[in-house]
Structure formats: C-alpha cells, structure tokens
Amino acid sequence: MPLLRMSLFLGALLLTVAPLTAQRPTVPPSDYGRFENLGAFALDPTGTWLVASIRRVDESDELRLTRADGSGPAVVLQHGTRPLFDARGRWLAYRKGVSPDEREKAEGPIRDRLGLVDLTTGRDTVLFEVSDLTFRDDGRWLAAHAIAVADTVGADLIVLDPAGGTRTVIGNVETFAWKPEGSTLAATLRTAGGDANGVVLYDPDTGTLRTLDSHDARYRALTWHEDTGALGVLRSTTLETRAEDSHDLLVWADPAGAPRVLRGVGRAELGDTLRITDSGGIAWSDDGGTVFLGVRPWKVKAADAEAGADRGASAAPPDAEDAEREDAERDPPGDGVDSGVGQPAADSSATAADEVEEANVQVWHWDDDQILRAQEYFATRIANATLATAWHLGDDRVVVLADDLDEPVEIVEGGRWGLVPDYTPYRFERRFGDGAADWYRVDVRDGSRTRVAQGVQYGIDAGPVDGRALVYEEDRWVAIDLASLARVTLGEPGQFTRALFDYDYPGPRPPWGVAAWTEEPSRVVLYDKHDVWSADLNTGALERLTDGAARDRQYRVVRMDPDLSFSDPYVVKADAELWLSETDLRTRASGYARVRPGGTVESLVFEDARVSGLTKAEEADRYAVRKERWDDAPDVFVGDADLRPLRQVTQVNAFQDDYAWGRTELLDYTTDAGNDLQAILVYPAGFEEGKRYPLILYQYERLSDGLHRYYTPSQRNYYNYQVWSQQGYFVLMPDIVYEPGRPGPSALDAVEHALDAAVATGHVDPDRMGLIGHSWGGYQAAYLPTRTNRFAASVAGAAITNFLSFMGAVHWNGGLPETGHWETGQARMAVPYWEDLQGHLESSPAAHIQDLETPMLLMHGDADGVVDFRQGLEFYNYARRAGKNVVLLVYPGADHGLREETQQVDYHRRILQWFDHWLKGEPAADWIERGESWEARSERIGPEKRSGR
C-alpha cells in the first residue's frame, strides 16, 4: 500500500508540474527590442567563412562571422555593416558604426570607421573614418575613401596592404576605380583652388603615382573598359555665355600614352546647341572601339537671354513704338466707363508692368503629357536626361543617336545596335496608364532608324549576344534578328501570357518573363506560370525543361552572378546547368533544384518552409541558403554542390523558446466568382484547444505567399501580425482576385468566404472579428463594413473612401494623376466614372455610409502624398453627419506611412486599444469614449508640438 500511495503521489505531481512547464509567457513589449532580423549574408570566395548581418528591433546592428562548416563560435562585430571579403579569403573589411544611444546623443554627424578582421587570427582592428571601400581584384590591396571636409573638395584615399601594413595616402580624391583584373587604381582629384584637379594613376605594387591629366576643371564618370583596360573620363569646360558646363571626353587606350580627346565645345557634330553632360556617364562597346556618352541642349545665361530679347524688341521702328504709346495714353484699356474704381491711374499704366514682380502662378494645361506636378517631381531626372551619342574612335566620328530627351536609346550588348521607343502615336493614351510604344532599331554607325515593332505594351528584351531581341506582341514572344530584321515566333498564342487569375488588371496581360540567355546565340530561356522553357531563336522550337505544371509547382531560374543588377540580362553557357527555385503553389513548400542540359530536374532541398537567398562561394563549390518559418527565425545553412548536407551556421533569436509562439496554416475557399483561393490563418501564441478567440483580418491583395515568413514583434511596425498573435488574436490574411470594374464586390466576395473558412475551424468567435488594412487595404477596410456587418470593429489606414472624387486626385509623391492608376492600375476600374457611374458607386465606401454599423477607426497623415488626406476628412464628415461611430486619427506632417517613432508607436498602441475594446470587451480608452479636445492635446504633447492642420 505505501508503494501504491507513492506512485499515485508521483502521478499527481507529474500532472501538476507538466502544465506549468508547458506554459510559456507571451512576449511583453519590453522584450521586443531584443528580437533579431537576419539581413544579407555572404560566403568568402574560398567558401571558408560566412558573414551575416543582424539588425535588432531596437535598431542595433552587428555582423556575425562564422566558419562555413559550422565549427567554432561566431565572431560578433558590434555595430558592423556592409561586410566585404577579399578575393583570397584572408580579410574581412566592414564599416563600424555606433550604438543607437550614441547616435541619439551625438550633436554632430556620426560617421562609420573602417573595421578590418584578419581571418587567420580573428583579430579585429578599427581604423579611420570611411565613406567607401573596395579591394583590388586579387585581394592584396584595399582602397578606403575617407570623409571629405566639404562638398567642394575630395577626401583622402588610403591604399593599404592589410597583411604588410603598407599604407599610402592620396589627397583630394573625389572618385576612384580599380582596373578590372589589373594592378592599378585610377582616381579623380578635386582641390579647393581647382588648380591641382586632375586624373591620376596609382600602382601600389611599385608605389608609383602618375598624373594623366590636370586642369582647373572637374573630372567625372571615371570608367575602365572591362577587357581592354582603356580608361575614360569627362572633364568639365565652361563658357561665359552658357548657364551650364559642357565636358571634354578623354580616353586613354593605353594609360601610359596620351589621351584621345573629344571636345565638348566646337565639335561640328554637336554644333553650338548641344553640350556633353556628365549625367549620361560613359559606356563602351565590347571591342572598345566606340564610346557612348550623353549630350543635351545648352542653356543660355539669363542675362544674355534678356539681352537678346531686348535686341529683338528694339527692332521695331521708334516711331511705331511712340505711336503705340500715344494711343494707349489717349485711349487706356477699360470698358469705357471712367468710374475711377478698380483702375490704375492713366499715367501709371506704362510703369506697372515694370514694377510688378512675376506672379507665383502655375499653369496646368490639358495637353501637357506630364501634369505640372509630375514635371516638378521629376525635375531632376528631366534635367539629367540626355541624348545617347556614340563616338567612334577609329575614324573620329560622333553620331547623336537619340531624337528626344523623353525617349532614351538603349545600347544593345556589343554596341552595334540601339533600341529606342517612340511614344508619339500614343501620347494621349499614355497619360492615363497605357504603356504602348513603337520600337526602332538604331544603327550606331550612322544613327539611322528602322521600326521593328508597333504598339508594344511591355518593352523589348535585348539579348546580350548575337544582336537578338525579344518583343511580346499579339500574346506571343517574337525573336528579332537586329541585323537582318528576320522574325521568329516562339510558341502558340497565349502560351506565355499571364491569365486573368494571375494578372487581374484591365487591359492587355503581360508575359511571365525572360529567365536567361545562352552564350550559344540561338537560345533563350522563358517562363510560363509553372515551368522553364528553352526556345530556339532560329526555328521557334520549344523545349520544356521542368515539370511544374503536372505537380502545381513553380520553377524559376536563380541568377548566380552576384554582380548582376536586376535589370541586367542573365547569360549562361549553352552546356551549363541551371539552378532553379522550386515552390509548391498550394502548400508554399519551397527549395532549390538543378537541371542539366538534356537532363531532368533534380530537387536538392525542398521543405515545408521558406527557403531563399541561394548564394555560392566564388571560387569553391560551397553554397548557402536561408530557411525560415512563421515559428522559426530565419537562419543560414551551408552545404556542398548538391546542397547536402545543409548545416545550420547561424542562430537567430536563440532565446525564442522562452516565449509562447503561434503557428500558421493555409485555409482553402472558393468565391462566388469561382476563384479557388487561400488565406493564411495565424494562431494565437499559447493557443489552447477548445477555446474560441477573437480574430483580426488583415487584407491587401494576395498575401498567402507569406505563409512561412517570420515576423519579429515591434511597436514601430504598427501592422504587426506577430504582436497581434502575441496579444491573443487569430490573424487572417486572405487572397483576393479582382474582377475589372468591380474591386469592392470582388473584395467582399473573397473576404466573406475567407471568414467562413476561419470560423469553420471552430476556434474563431464569429462575434469578435475585426478588420484592418492600409492604403488599398485601407480602402477595403472602409468599404467592407458598409456592405457587411460581420465585423465588430475596423481600422482603415490612409484609405480611399470616395470613388468619384479620388479619381481626380494626384499622387503628389510620384507626380502622377490618379487616372492611370485608377483605370488600368490598382483600382482596376477600367473606365472613368462618367462611363460607369453605377460601377463606381458600387465600389465606393462613401456611397453606402448610411449602412455602416461597424465602429471604424480612420488614420491619415495630413501630408499624405499618395492618398489625399481629404479622403479621410470626407468619410469622417459623412459618417459624423450620418451619426456613425467613426474616429479619425490625424498625424501632422506624416506622409502615406508614419516614419516618426512617436507616431508609429502611438498608432500601434491605439490599434490594440481599439480592438481590445471592441473584440475583447476591455474598457474603452478615454480617446475612444470621449475623443480628445485641442486643449487636452496641447497639454499632453506640450506647446512646441501644437501645430497641425
């Protein structure tokens, strides 16, 4: 019996202890700051080291340097950013900053310093202040640019050998560039007096510094030719009668010799109307025989222009001027009634025009291609636009290739041809969202043009080899040989076009895109929704490289060259393997695969997670990827050429297990329109089976791709799904597919069915569901409660509320009229309101304000340059007149998103207070119950912050 009693006692003890150990606390706001976000990461060229950037919610930065095989502890470089390995894997250079507290307390500017880590010893040395740094291609020398004392002079450039300690300082350097795969460094100098300005060449191996050119001028656009080692630079030249500089172009085919010079003044091909400008930069043809630059019209100085105008005015005979003056004095302008009221004295009319300053007035003309605000917003870009020009070095010929500053010429790889759009036939349509243009081939040798495509909506993809280009017309890819203009059609109509389900905007639908070009000049790699295809540009024959359609997976080519920008064409060898990302379009499982020419797809890593960021060590078969889930912070994993095995080498938010955490799942639903869609359902942290919880529905357009995305809690991120989960809410994020002309009803259709799917889990309380969104999502958060009473509360940030007035608004932040965005862009209305008034009213929140029964919180910044602040005021006033429960938060000086920390945290907290009251039944905050008077607001924030609209 005693033994039995002991067993029962132990069982009871286990029953009482187990629940206690399983219950973990949710994350309190005081702990948000410690959570970490994984940023960029990189392997050193040898594949031995991995460096990862970490930024905490409290805005402190660090770099974590680890061995790529996972052995040994991480080296933490506090406040480090922008890491850079040398080519030999011996050194890591980085920028050393300061803590957030130091930044806040600093009275002057905070500047980064150079940090240098010896990877053989682990020693970290912090040196001088830097603005830029780069290793020579072989990794032996590091060039570090210090901080200039003023905008008018250059700074010290320190060229150092990290291993030997040798250090050379070159003063007054404005720009610099290492010779590709060479030993020398070129730099432009800018001094206070200007007399010592110039271009210098420095060889750190020999310690020799040589001046290539020196004038009292400014040198810009320093550019090496990638293969030949030729060097080009622009040197400013000034004319007293001109308001801007021109430039001479200097080219050294061999920096040991004298330069070739293209004069910016006096060149016959440019005449006296065009100048060479530095904003066009310098580019080279493949063989180095042609240099491309930019020219634009001169501006005459104001005084000279006035003098010319005066000379023109004095051309009239003096007696004619006298006669006109006598007539004016004898019969002054007016209606013939000498009332003396509102008219100037007769003897002052001649001098009034001379004494009154020019009025500050704007003239908005109906026939402007760009409205005045767009011209203002893009003034710098417009002022820097250039006409592409070719200088043929062999026969010293200059050819201006462009006709119009608004129609830039794209030089096709190799430098033999250019491509230029002509928008003139589509001027009117382009003002309102149409993208059509006619495209012309430009012969770089003489500037002659030949039209190659008409009415093109999506531009032209120029191939990097063999003078080929792709254009998408009549729902098909067409390959054009730019030399012969022969055309080859690839595939059947619609084969590569996005379906309405995948591109639910009015108007023509685009293709899925170009993946890569092969060095073999006859092939290009294309996408459809699921698969990757290889197309023969000579015959049009297609070969499917993947089998995504059969398994509802999507494959995309991974660009393994880290130096490529997104807009650069990706070129692979004809016999090279292709690395592919792989995503299950239903489950969102993802990973990477590989396909070799003539082979099948080999899946290398595929997990129920978000796997991304594949990168390779430059000189070794070692690869790194990032893996994350909603409940598992992102980390970097490293593997061999087959991505096996993948070893975890970072540990982000290792303390997360101290807290309760939610999880995610996908819900499937079908709309009345017949669309099969999905929604993310986020569970509350510490979820307990059998309980029903309140729900916050956050919507925008399509959100289900974020199923496995990890979110850190933060008060500055005011729409923070993780915080809502931590606060005990389910979070629902549905997909929405829109029917053109009916965005509101489409959103209502999708959201209603997504709510049904969430309630069907049995975990969601249907009487405690809230709605929230921002911008377009804010529109839907204002619209839906006027059409359904399923929500107990709503929060609409920066919301469009009136579909009649907003169509006539302007995006002040981008300078664009709303009309294009309205008809063919996100609003998807297809036509102006006068062609479908009922459709506009059907989708307008304000049109059914009388049916609003849901308490609504509106938020706007009064300097919003995207959704006019008056949209919030309109809805507030309509709702107030209709007796509806609507509260408007206005943040003075705030744009479309809140950027000040005080405003971000304030809005974040008010969202929680709003939902906690309406969805959880907690006591209402005073501002919810009674608002806040101007006097009370002034007392709360202090007299220095009282200003506002």
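The next subject is the overall build of the protein chain. From N to C terminus, the protein chain includes 18 helices and 55 strands. Principal axes of the C-alpha set define a box for the protein chain whose edges measure 125 × 90 × 65 Å. Across the 949 residues that make up the protein chain, the buried fraction comes to 48%. Contacts spanning at least 24 positions in sequence make up 53% of the contacts within the protein chain whose residues lie at least 6 apart. Each charge class in the protein chain was averaged separately, 98 positive and 154 negative side chains, and the resulting centres sit 6 Å apart.

Before going further, it helps to examine the sheet that holds strand β55 (residues 886–891). Sheet strands pair by backbone hydrogen bonding; their relative direction is either parallel or antiparallel. Pairing in this open sheet of eight strands is mixed, and the strands run β46-β47-β49-β48-β50-β51-β54-β55 from one edge to the other. The sheet terminates laterally at β46 (664–670) and β55, the two strands that pair on one side only. Averaged over all pairs of adjacent strands, the angle between their axes in this sheet comes to 20 degrees, without regard to strand direction. Pairing between strand β51 (residues 793–797) and strand β54 (residues 856–861): four bridges, direction parallel.

So, about the nonpolar core. The biggest cluster of nonpolar side chains holds 58 residues, and the ones touching the most others in it are Tyr719, Trp724, Ile772, Tyr907, Ile911, Trp914 and Phe915. Per element, the largest residue contribution to this core is six residues, and it comes from helix α16 (residues 901–920). If near-sequence neighbours (up to four positions away) are discounted, Tyr907 is found in contact with Tyr718, Tyr719, Val795, Gly797, Met859, Leu889, Tyr891 and Leu898.

There is a patch of nonpolar side chains on the surface, built from Leu804, Tyr833, Trp834 and Leu837 and spanning about 400 Å² of accessible area. For Leu804, a relative accessible area of 32% translates into the label partly exposed.

Turning next to the pairing of strand β49 (residues 730–734). Within a regular strand, side chains alternate between the sheet's two faces. Taken across its five residues, β49 has five buried, putting it largely inside the fold. Across four bridges, strand β47 (residues 676–682) lies against β49 in antiparallel orientation. Looking at the pairing, Leu681 lines up with Leu732 of β49. Across three bridges, strand β48 (residues 693–698) lies against β49 in parallel orientation. Its bridge partner lying in β49, Ile696 is registered against Val731. Between the parallel elements β48 and β49, the chain passes through helix α10 (residues 721–726) in a crossover that is right-handed.

Okay, the packing of aromatic side chains next. On inspection of all chains with the given rule, the structure shows 35 aromatic pairs. Taken together, a centroid distance of 5.0 Å and an interplanar angle of 75 degrees make the contact between Phe35 and Phe655 edge-to-face. Linking Phe35 in the loop between α1 (2–22) and β1 (36–43) with Phe655 in the loop between β45 (647–648) and β46, this pair joins segments that are 620 residues apart in sequence. Phe655 matches Phe35 in its accessibility class, with the two residues each being buried. Relative to Trp834, the ring of Tyr833 lies with its centre 5.2 Å away and its plane at 75 degrees, an arrangement referred to as edge-to-face. Following the ring pairs from residue to residue traces out a cluster consisting of Trp630, Tyr698, Tyr711, Tyr718, Tyr719, Tyr721, Trp724, Tyr891 and Tyr907. The ring of Phe655 carries the charged tip of Arg34 above its face, separated from the ring centre by 3.8 Å. Here the guanidinium or amino end of Arg828 rests over the ring plane of Tyr505, the centre of that ring lying 4.1 Å away.

Another point: the environment of Leu250. Within the secondary structure, Leu250 sits in strand β18 (residues 246–252). Leu250 sits in the buried class, given a relative accessible area of 0%. Sequence spacing of Leu250 and Arg263 is 13 residues, and the spatial spacing of their C-alpha atoms is 8.7 Å. If sequence neighbours within four positions are ignored, Leu250 has contacts with Asp213, Leu231, Gly232, Val233, Arg235, Pro259, Arg260 and Val261.

Right, let's talk about unusual backbone geometry for a bit. A negative phi angle characterises most non-glycine residues, just as the trans form characterises most peptide bonds. Of the consecutive residues Arg644 and Pro645, the connecting peptide bond is found in the cis state with omega at -15 degrees. With respect to the helices, strands and loops of the structure, Pro645 is situated in the loop between β44 (632–639) and β45. A positive phi is found at Asp396, a non-glycine position, where the angle reads about 50 degrees. With respect to the helices, strands and loops of the structure, Asp396 is situated in the loop between β23 (387–392) and β24 (397–400). The class of Asp396 is partly exposed, set by a relative accessible area of 33%. Here the phi dihedral of Asp475 falls at roughly 65 degrees; this positive angle occurs in a residue that is not glycine.

Turning to the sheet that holds strand β33 (residues 514–518), a few remarks are in order. Strand order in the open sheet formed by five strands is β36-β35-β34-β33-β38, and the pairing between neighbours is mixed. In this open sheet, the two strands that pair with only one neighbour each are β36 (542–544) and β38 (571–572). Relative to strand β35 (residues 532–536), strand β34 (residues 523–527) runs antiparallel, the two being bridged by five bridges. Within β35, the residue paired with Val525 across the bridge is Ser534.

The terminal C-alpha atoms of helix α15 (residues 869–881), which comprises 13 residues, lie 19 Å apart, in line with the 18 Å expected from a rise of 1.5 Å per residue. Among all positions in α15, only Phe869, Gln871, Gly872, Phe875 and Ala879 are buried. With its buried residues spanning 160 degrees around the axis, α15 presents them on a single face. Residues of α15 that are exposed and point more than 90 degrees away from the buried face comprise Arg880 and Arg881. Tucked inside the fold, the buried residues of α15 contact α12 (776–783), β54 and β55. Where α15 begins, the side chain of Asp868 points an oxygen toward the backbone nitrogen of Arg870, at a separation of 2.8 Å. Gly883 lies just past α15 and shows a positive phi near 75 degrees.

Quick look at the confidence of the model for the protein chain now. Do not read the predicted coordinates in detail wherever pLDDT is low. Averaged over all residues, the pLDDT of the protein chain equals 90, while 91% of them reach at least 70. Of the regions scoring below 50 in pLDDT, residues 1–21 engages in one contact with residues more than four places distant in sequence or in other chains.

Turning our eyes to something else, we now look at the pairing of β1. Two strands pair when backbone bridges link them, and β1 and strand β2 (residues 49–56) are joined in this way by six bridges, in the antiparallel orientation. Across the sheet, the residue bridging to Leu38 is Ile54, located in β2.

This part covers the side chain of Ser843. Tracing the chain through its elements places Ser843 in the loop between α14 (837–842) and β54. Side-chain polar atoms of Ser843 contact the backbone nitrogen of Gly744, separated by 3.1 Å. Here Ser843 is in contact with Gly741, Arg742, Pro743, Gly744, Pro745, Tyr779, Tyr783, Arg787 and Phe803, once residues within four sequence places are set aside.

Now for the side chain of Gln722. By the element assignment, Gln722 lies in helix α10. Among the polar contacts made by the side chain of Gln722, one reaches the main-chain carbonyl oxygen of Tyr711 at a distance of 3.1 Å. Excluding residues within four positions of it along the chain, Gln722 makes contact with Trp630, Trp661, Tyr711, Thr712 and Pro713.

Before going further, it helps to examine the pattern of salt bridges. Here the structure, examined in full by the defined rule, presents 65 salt bridges. Measuring nitrogen to oxygen at the nearest pair gives 2.9 Å for the salt bridge that ties Asp213 to Arg235. Of the two residues, Asp213 sits in strand β15 (residues 208–214) while Arg235 sits in strand β17 (residues 231–237), which places them 22 residues apart along the sequence. Of the two residues examined, Asp213 and Arg235, each falls in the buried class. Taken together, the salt bridges that share partners define one network made up of Arg136, Asp138, Arg140, Asp161 and Asp205.

We now examine the environment of Trp298. By the secondary structure assignment, Trp298 is in the loop between β22 (290–297) and α3 (302–313). Looking at Trp298, the relative accessible area reads 11%, which means it is buried. Apart from the residues lying within four places of it in its own chain, the contact partners of Trp298 are Leu239, Arg242, Glu244, Asp245, Ser246, Val265, Asp272, Thr273, Leu274 and Arg275. Looking at Trp298, its side chain comes within polar contact range of the main-chain oxygen of Leu274, at 3.0 Å.

Here the focus is a negative patch on the surface. Residues Asp137, Glu181, Glu226, Asp227, Asp286, Asp287, Glu413, Asp561, Asp563, Glu618 and Glu619 make up a contiguous surface patch of negative charge. Secondary-structure assignment places Asp227 in the loop between β16 (219–224) and β17. We classify Asp227 as exposed; its relative accessible area is 64%.

With that settled, consider the environment of Gly778. Along the chain, Gly778 turns up in helix α12. Classification of Gly778 by relative accessible area gives buried; the value is 0%. In this structure, the C-alpha to C-alpha distance between Gly778 and Val795, residues 17 residues apart in sequence, is 7.6 Å.

The rules we used
Residues numbered from 1 in each chain as written. Predicted model: local features only at pLDDT ≥ 70, side-chain atom pairs only at ≥ 80, totals over all residues. Heavy atoms only, no water. Helix = DSSP H or I, 4+ residues; strand = E, 2+ residues; numbered from the N terminus. Buried < 20%, exposed > 50% of the residue type's maximum accessible area, 1.4 Å probe, protein only. Contact = heavy atoms within 4.5 Å. Lys, Arg positive; Asp, Glu negative; His and termini not counted. Charge placed at Lys NZ, Arg CZ, Asp CG, Glu CD. Pairing = 2+ DSSP bridges. Axes fitted to C-alpha atoms, helices over the stretch in contact; angles between N-to-C directions. Core = buried A, V, L, I, M, F, W, Y, C linked by side-chain atoms within 4.5 Å. Patch = residues over 30% accessible without salt bridge, like charges linked within 9 Å, V, L, I, M, F, W, Y side chains within 5 Å. Areas by Shrake-Rupley, 256 points an atom, 1.4 Å probe, with all protein chains shown as cover. Salt bridge = Lys/Arg side-chain N within 4 Å of Asp/Glu carboxyl O. Right-handed = clockwise from strand over helix to strand, strands pointing away. Phe/Tyr/Trp six-rings, centres within 6.5 Å; stacked < 30°, edge-to-face > 60°. Lys NZ or Arg CZ within 6 Å of the ring centre and 35° of its normal. Expected span 1.5 Å × (residues − 1). Arc of directions from axis to C-beta. Polar contact = N/O pair within 3.5 Å; in protein donor to acceptor, adjacent residues only side chain to side chain. pLDDT = per-residue confidence, 0-100.

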